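Residue-level listing of the chains:
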Amino acid sequence: MGFAERLPKALQRRLSRREAVLQLGLRNLYIVPSSFGGLWLLGGGVLYLVGINGRSNGPVLLSLLMLALLLLNLFLTHLNLQGLELRALQGHTSCADEPAAVPLLLISSSHRAGLKLRWLTPHGSLQQQLLLHLPPGHTPISVAWQPSQRGRQRPGRLLIHSTAPMGLFRCWGYWEPPIDLTIAPARTPGPVQELRRAEHTQAGAVLSGGAGSDHFDELRPLRPEEGLQRVAWKTVARGQGWYGKRFEAEQAAGLWLSPASHVEPELAYEHLCRRLWSGLTAGESLGLLLPDGTAIAPGSGPKHLERCLQALATLPR
Amino acid sequence: MNGAPLLQLISLALLWLQLLLQGQLQPLVALALPGLLALRLRRSTLQRPLLLALTLGSLVLWALGASLGDRTALLQSACNLLWLLCGLKLLEARSHNEQRRCSLLLLLSVGLAGVAGQQLAASLLQGLCALLALASLLALEGGPRPLGQVLRRSGVLVAVALPVLLAAFVLLPRLEPLWSLQLGNSGRSGLSDRLAPGELASLVSDNSLAARISFAADQPPPAAERYWRVLVHQRFDGNSWSAARTEPPRLQLPGPPPSAPVQQRWMVEPSGLRQRPWGGSGMPMTPSLQPSVLGTISGAAPLQERSLYTLQRDPMAEVWRRLPPDAADLQLPPAANPRLLRLGQQWQQQGASAEAKVLLARQWFLQQGFRYTLEPGSLGPIDPLDRFLFETRAGFCEHFAASFSALMRAAGVPARVVVGYQGGAWQQPAGGSPYLELRNSDAHAWSEVYLAGRGWVRVDPTAWVVPERIRRSLADSLSEADRQRLSPEPPSWVRAAVNQWQGLDYRWQLWVMGFDRQRQRELLGESRWQGLIAISVMAAALALGLLPLLRQQEPGDPMRRRLNRLLRRLEARGYPLQSGETLTSYCERVGRCQSELAGPLQTLALHYTTWRFAPAGQERDQQRALSSSLKVLLGLTSRVRGRKPTA
């Protein structure tokens, strides 16, 4: 890496703030004329010369107005960011094959136009830019960050910049929020080892829950194929309708998933992640059995999915 | 279409209109721009090759037009090219950056239009175009907003920048022109360096503005003294009078001290002449304008654009009147106009003085029954002055001046013809300084004779024949038939409105367009600290403009800040907000102690709550209601005296 590439990165490191809450102000905002600002100044100069040599004050007035607006924009562009407060929020687990939505809270006392937020990555991959026109008050936002691998990761440096109101100056600040994102493996279709309960117990895992217990866990509307032994007679007797009992043991009786043994481990985790994601979002009951001994009993729902993805994300390499 | 492209489109359309009215557009550009605007309005997305072909085609046509046209108007062609390119850029611009550059190109186009059109109306249109171009930049950066809001914001931004602009305009030291750049239409006053009988009579139907003069004491000279000389004709070929072939030598005068009082301020429309009108006295403050030995002042180049100059009081400037005549002032073709020659020689043989010969001539003119008319008829190419003096006896001012000067020369009195303006209308615009307005229809010719001991003296034979021409106006001195040839007078209210507008325009020209280095020196004097003062004042103006914007950055919304102000005011009067107290209960508590505030406080509590929880889209109405109740209470609390609450 040459000096020309190292210098901006070193500057960014030096200028970044690492607080959990960042208030943009004079000490952490930087401003330079934009390329359009340079053109603007050149255009104003040309108009001034035209006015002076054409003995006409019309172009002179316009060029001085352009100069006055340039000076004014130096402050207005800075004020557009100054005073803005940024706070990091807790995010959800996401997969490595899609941009993670990093939740932030922006607190502003006034309208702020044309705010642009983008994560800067050390490997230089292009991150999606978010353009905002911020109303006063508290505004939760999420800035997309493209992870490169699974694991617990920090998105790095956030660049917040603006050229509003007229694009003549570029004002920016850096922030390294102390957010740890959980990134599950990318979702790649492929083989996954599927285990039934018997196979799983043979594998030595410990299962919780009492199969065949009389203590049901929940009631749900009775389906005709479930038979009379599942009917919750007490609710029928109370005249509350026909409900069927659902037992914990029954819930645990879903499919267990494990990485395919003949596939390279990281790729196997990606296949597993894909199977898990598609199955759980389709309403299947799935459990997870991982090489480090982690076992998550079959279940369904967003919380279960989150738990499984976190387990996959934090697997040792 | 919305936002920035629409604003750019309207801006360019207005610019096109202004340039069209000014006659600045070449036919191709005048036709092409509306076409390009229409294409943009229809959101036609031209393919790049087609756009390129359109651009190249336009450039070729423009180059063809420029090469076939007047070479001296090359600069104007270049401006037309820029305006055309602006239209093409508008059609091409799609991305954010391209649209920004399009706005900048629009501003440059407006600036160039400002060189050509400096009248108030043109300047207002140009200002509007520039405002729309600025608004388009705000629309680009500020996200989706209603156009009205964008325009309001750009108006506020310009208003904030205005003090800085004014400080820079007035105080920043002006540069002298580095080269000459002329875009204006080359005007023609109708006056020329050759005066043939009948030439000035054709000018009376031209009612266009020639010059405007303001006087130090806001008082014009008496009507009989309003003679404004432009050209002096010394040569007579028997048929017409003309100026000398060579430029008359300039008077080398030291010039008045800078502190000498200003006598007159002239604003002259483009005439195409090097000579500038003046009253024959006063010294021009512009160094390039100097009186000549003939009593004319002329600039370095023909006047192609509106010009402003100031005359300072200086008795030395009238030295040209005392310069003795030379042989050219007595030159007369020996064979032309024999009857005129005989009459002049007859007066010479009487052995009278020059003054007596002038009196003889006056008597003769009054006795011959001359008629003043705009249609004297053709005098023919041979001995025209003889025909006028002894046959037709009907003529306009140039007939009288030309024949009287020739008669004086024949009588041995040095004489010459002066062409310029006579009279003028005294305009008093509401709230502004009055000025004398000269129109091309005020063009006039008179004579000057050299009298020993007195120098060059003005003699106006037209005034002998028709005194009303000088005392009142041209229209009053003409017959009913001749009056028909004059421009029809508009209704009085139209005339009054036009006069007011022209008064505004005059002030605009005088104080804004005419504010040059010389005016800056007049206003500020010579100071070596001028640059520093300019920068300091600009910085102060910038700070002043930014102050309200900085206040907006204070925490809390504006309504909350106003509420806090009210609460502080009530606290100072002994009603502090207690811990955990809601606004509603606080208002009730204070209302119980201050009965005159009870109603407004109750309304405030209601409005504040309603505004805070207003559904989307209704915030503005609720905010307005809250604002008015806050205003009422802030007004009341400024008057209510503090009263301790009862326990």
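Residues numbered from 1 in each chain as written. Chains lettered and ligands numbered in written order. Predicted model: local features only at pLDDT ≥ 70, side-chain atom pairs only at ≥ 80, totals over all residues. Heavy atoms only, no water.

1. Some words on the overall build of chain A
And then number 1: Of the regular secondary structure elements, chain A holds 8 helices and 18 strands.
And then number 2: Evaluated residue by residue, chain A yields a buried proportion of 49% over its 317 residues.
And then number 3: Taking as baseline every contact in chain A between residues at least 6 positions apart, the subset at least 24 positions apart corresponds to 69%. (Helix = DSSP H or I, 4+ residues; strand = E, 2+ residues; numbered from the N terminus. Buried < 20%, exposed > 50% of the residue type's maximum accessible area, 1.4 Å probe, protein only. Contact = heavy atoms within 4.5 Å.)

2. Section: the overall build of chain B
And then number 1: Of regular secondary structure, chain B possesses 21 helices and 18 strands.
And then number 2: Its C-alpha atoms give chain B a radius of gyration of 35 Å, clearly above 26 Å, the size a compact globule of 647 residues would have.
And then number 3: Along the longest, intermediate and shortest principal axes, the C-alpha atoms of chain B span 120 × 70 × 55 Å.
And then number 4: Residue pairs in contact within chain B that sit at least 24 positions apart in sequence constitute 75% of those at least 6 positions apart.
And then number 5: Averaged over its 69 positive side-chain charges, chain B has a centre that lies 9 Å from the centre of its 45 negative ones. (Rg over C-alpha atoms; globule rule 2.2 N^0.38 Å. Lys, Arg positive; Asp, Glu negative; His and termini not counted. Charge placed at Lys NZ, Arg CZ, Asp CG, Glu CD.)

3. What about the domain arrangement of chain A?
All names here are of chain A.
And then number 1: Domain parsing of chain A yields domain 1 (16-182) and domain 2 (192-313).
And then number 2: Of the roughly 690 Å² buried between domain 1 and domain 2, counting both surfaces, carbon and sulfur atoms make up 52%.
And then number 3: By the criterion of area lost to domain 2, the three top residues of domain 1 are Thr-93, Cys-95 and Arg-150, representing 70% of everything that side buries.
And then number 4: Counting every contact that joins domain 1 to domain 2 gives 1 salt bridge.
And then number 5: A salt bridge links Glu-266 to Arg-150, with the shortest nitrogen-to-oxygen separation between them at 2.7 Å. (Domains from an automatic or database assignment. Buried area = accessible area lost by both parts, 1.4 Å probe. Salt bridge = Lys/Arg side-chain N within 4 Å of Asp/Glu carboxyl O.)

4. Looking at the interface of chain B and chain A
And then number 1: With 55 residues of chain B in contact, the opposing surface of chain A contributes 42 residues.
And then number 2: Of the roughly 4200 Å² buried between chain B and chain A on both sides combined, carbon and sulfur atoms contribute 74%.
And then number 3: Scanning the region where chain B abuts chain A turns up 0 salt bridges.
And then number 4: For the side of chain B that touches chain A, the elements supplying multiple residues, two or more each, are α5 (96-116), α6 (120-142), α7 (147-171), α15 (492-513) and α17 (530-552) of chain B.
And then number 5: With 10 residues, α5 of chain B is the largest single contributor of residues to the side of chain B that touches chain A.
And then number 6: The residue inventory of the side of chain B that touches chain A, partitioned by class, reads 36 nonpolar, 10 polar and 9 charged. (Nonpolar A, V, L, I, M, F, W, Y, C, P; charged D, E, K, R; others polar.)

5. Some thoughts on the domain arrangement of chain B
And then number 1: Domain assignment breaks chain B into domain 1 (3-145) and domain 2 (558-637).
And then number 2: Here the C-alpha centroids of domain 1 of chain B and domain 2 of chain B sit 52 Å apart.

6. Here we look at the sheet that holds strand β4 (residues 94-95) of chain A
All names here are of chain A.
And then number 1: The strand order across the open sheet formed by 3 strands is β4-β12-β9, and the pairing between neighbours is mixed. Both edges of this open sheet fall to β4 and β9 (151-153), since each of them pairs with a single strand only.
And then number 2: Sheet topology places β9 next to strand β12 (residues 181-184); 3 bridges connect them, and they run antiparallel. Each residue of the ladder has a partner; that of Gly-151, found in β12, is Ile-183.
And then number 3: Together, β4, β9 and β12 form the strand contacts of helix α8 (residues 302-313), whose direction differs from that of β12 by roughly 85°. (Pairing = 2+ DSSP bridges. Axes fitted to C-alpha atoms, helices over the stretch in contact; angles between N-to-C directions.)

7. Points about the side chain of Glu-85 of chain A
Residues and elements named next belong to chain A.
And then number 1: Counting through the fold element by element, Glu-85 comes out in strand β3 (residues 85-88).
And then number 2: Given a relative accessible area of 15%, Glu-85 falls into the buried group.
And then number 3: With residues up to four places along the chain from it excluded, the contact list for Glu-85 reads Val-21, Leu-22, Gln-23, Leu-105, Leu-106 and Ile-107.

8. Overview of the nonpolar core
And then number 1: Within the largest apolar cluster, 81 residues are counted, with the highest numbers of intra-cluster contacts made by Trp-40 and Met-166 of chain A together with Trp-83 of chain B.
And then number 2: Trp-40 of chain A has contacts with Met-66, Leu-69, Leu-70, Met-166 and Leu-168 of chain A together with Leu-104, Leu-107, Leu-134 and Leu-137 of chain B, leaving out every residue within four places of it along the chain. (Core = buried A, V, L, I, M, F, W, Y, C linked by side-chain atoms within 4.5 Å.)

9. A word on the confidence of the model for chain B
And then number 1: Across chain B, pLDDT averages 85, with 91% of residues at or above 70.
And then number 2: As a predicted assembly, this complex carries a pTM of 0.75 together with an ipTM value of 0.76. (pLDDT = per-residue confidence, 0-100.)

10. Section: the packing of helix α1 (residues 3-22) of chain B against helix α2 (residues 27-41) of chain B
Geometrically, a packed helix pair is captured by the angle between its two axes and the distance between the axes.
Residues and elements named next belong to chain B.
And then number 1: Closest axis-to-axis distance for the α1/α2 pair is 11 Å, and the angle between their directions is 160°. When the interaxial angle is binned, α1 and α2 end up roughly antiparallel. Here α1 and α2 pass one another in a crossing that is left-handed. Contact residues: Pro-5, Leu-9, Leu-12, Ala-13, Trp-16 and Leu-20 in α1; Val-29, Ala-30, Leu-33, Pro-34, Leu-37, Arg-40 and Leu-41 in α2. (Parallel < 35°, antiparallel > 145°, perpendicular 65-115°, else oblique. Left-handed = near helix turned anticlockwise from the far one by under 90°.)

11. Some remarks on the environment of Thr-139 of chain A
Residues and elements named next belong to chain A.
And then number 1: For Thr-139, the location among the structural elements is in strand β8 (residues 137-145).
And then number 2: Its relative accessible area of 15% is what places Thr-139 among the buried residues.
And then number 3: The spatial distance from the C-alpha of Thr-139 to the C-alpha of Leu-104 is 8.4 Å, given a sequence separation of 35 residues.
And then number 4: Setting aside anything within four residues of it in sequence, one finds Thr-139 in contact with Leu-104, Leu-105, Leu-106 and Leu-134.

12. Some words on the pattern of salt bridges
And then number 1: Under the counting rule described, the total for this entry stands at 26 salt bridges over all chains.
And then number 2: The salt bridge partner of Asp-237 of chain B is Arg-194 of chain B, with a shortest N-O separation of 3.4 Å. Taken as a pair, Asp-237 of chain B in the loop between β4 (235-236) and β5 (241-242) and Arg-194 of chain B in strand β1 (residues 194-195) lie far apart in primary sequence, 43 residues in all.
And then number 3: With a relative accessible area of 42%, Asp-237 of chain B lands in the partly exposed category.
And then number 4: For Glu-247 of chain B, the salt bridge is made with Arg-274 of chain B, and the minimal N-O distance between the two is 3.8 Å. Placement of Glu-247 of chain B in the loop between β5 and β6 (262-268) and of Arg-274 of chain B in the loop between β6 and β7 (275-276) is noted, with a sequence separation of 27 residues between them.
And then number 5: A residue is classified by how much of its surface remains accessible, and Glu-247 of chain B, at 38% relative accessible area, is partly exposed.
And then number 6: Exposure remark for Arg-274 of chain B: the relative accessible area of 32% places this residue in the partly exposed category.
And then number 7: Residues joined by salt bridges that share partners form a network here, namely Asp-97, Glu-98 and Arg-187 of chain A.

13. Some points on the state of the cysteines
Residues and elements named next belong to chain B.
And then number 1: By the definition in use, this model includes 0 disulfides over all chains.
And then number 2: Left without a disulfide partner, Cys-86 is nearest to the cysteine sulfur of Cys-102, which lies 5.3 Å away.
And then number 3: Here Cys-587 is not disulfide-linked; the sulfur of Cys-593 is the nearest cysteine sulfur, at 12 Å. (Disulfide = S-S within 2.5 Å.)

14. A look at the pairing of strand β11 (residues 307-312) of chain B
Residue and element names in this part refer to chain B.
And then number 1: Counted residue by residue, β11 has 6 buried out of 6 residues, so it is predominantly covered.
And then number 2: The two faces of β11 match: Ser-307, Tyr-309 and Leu-311 on one face and Leu-308, Thr-310 and Gln-312 on the other face are all buried.
And then number 3: With 6 bridges connecting them, β6 and β11 associate as antiparallel partners. Bridge assignment links Trp-266 to a residue of β11, and that residue is Tyr-309.
And then number 4: Summarising the sheet, strand β8 (residues 283-284) and β11 pair through 2 bridges and their orientation is antiparallel. Across the sheet, residue Pro-284 finds its bridge partner in β11, namely Leu-311.

15. Looking at the packing of aromatic side chains
Residues and elements named next belong to chain B.
And then number 1: Summed over all chains, the structure comprises 26 aromatic pairs over all chains.
And then number 2: Between the aromatic rings of Trp-347 and Trp-364, the centroid separation amounts to 6.5 Å while the plane-to-plane angle is 75°, which identifies the pairing as edge-to-face. With Trp-347 in helix α8 (residues 338-349) and Trp-364 in helix α9 (residues 354-367), this residue pair connects regions lying 17 residues apart in the sequence.
And then number 3: With relative accessibility at 4%, the residue Trp-347 sits in the buried group.
And then number 4: Taking the relative accessible area as the measure of exposure, Trp-364 reaches 12% and is therefore buried.
And then number 5: Ring centres of Phe-365 and Phe-400 lie 6.3 Å apart, and the angle between their planes is 55°; on these two criteria the pair is classed as tilted. With Phe-365 in helix α9 and Phe-400 in helix α11 (residues 397-410), this pair connects stretches of sequence that are 35 residues apart. (Phe/Tyr/Trp six-rings, centres within 6.5 Å; stacked < 30°, edge-to-face > 60°.)

16. Quick look at α8 of chain A
Residues and elements named next belong to chain A.
And then number 1: The terminal C-alpha atoms of α8 lie 16 Å apart, and with 12 residues this matches the ideal 16 Å at 1.5 Å per residue to within 8%.
And then number 2: Those residues of α8 that fall on the buried side of the exposure criterion are His-304, Leu-305, Cys-308, Leu-309, Ala-311, Leu-312 and Ala-313.
And then number 3: The inward-facing, buried residues of α8 abut β4, β9, β12, α7 (265-281), β17 (286-289) and β18 (295-299). (Expected span 1.5 Å × (residues − 1).)

17. Topic: the sheet that holds β4 of chain B
All names here are of chain B.
And then number 1: Read across the open sheet, the 3 strands follow the order β1-β5-β4; overall the sheet is antiparallel. In the strand order of this sheet, the two ends are held by β1 and β4, each with one partner.
And then number 2: Across 2 bridges, the pairing between β1 and β5 is antiparallel. By the bridge assignment, Arg-194 is partnered in β5 with Ser-242.

18. Comments concerning the environment of Leu-106 of chain A
All names here are of chain A.
And then number 1: Here Leu-106 is to be found in strand β5 (residues 100-108).
And then number 2: On the basis of relative accessibility, which here comes to 0%, the residue Leu-106 falls in the buried class.
And then number 3: Once the C-alpha coordinates of Leu-106 and Ser-285 are considered, the two residues, 179 residues apart in sequence, prove to be 39 Å apart.

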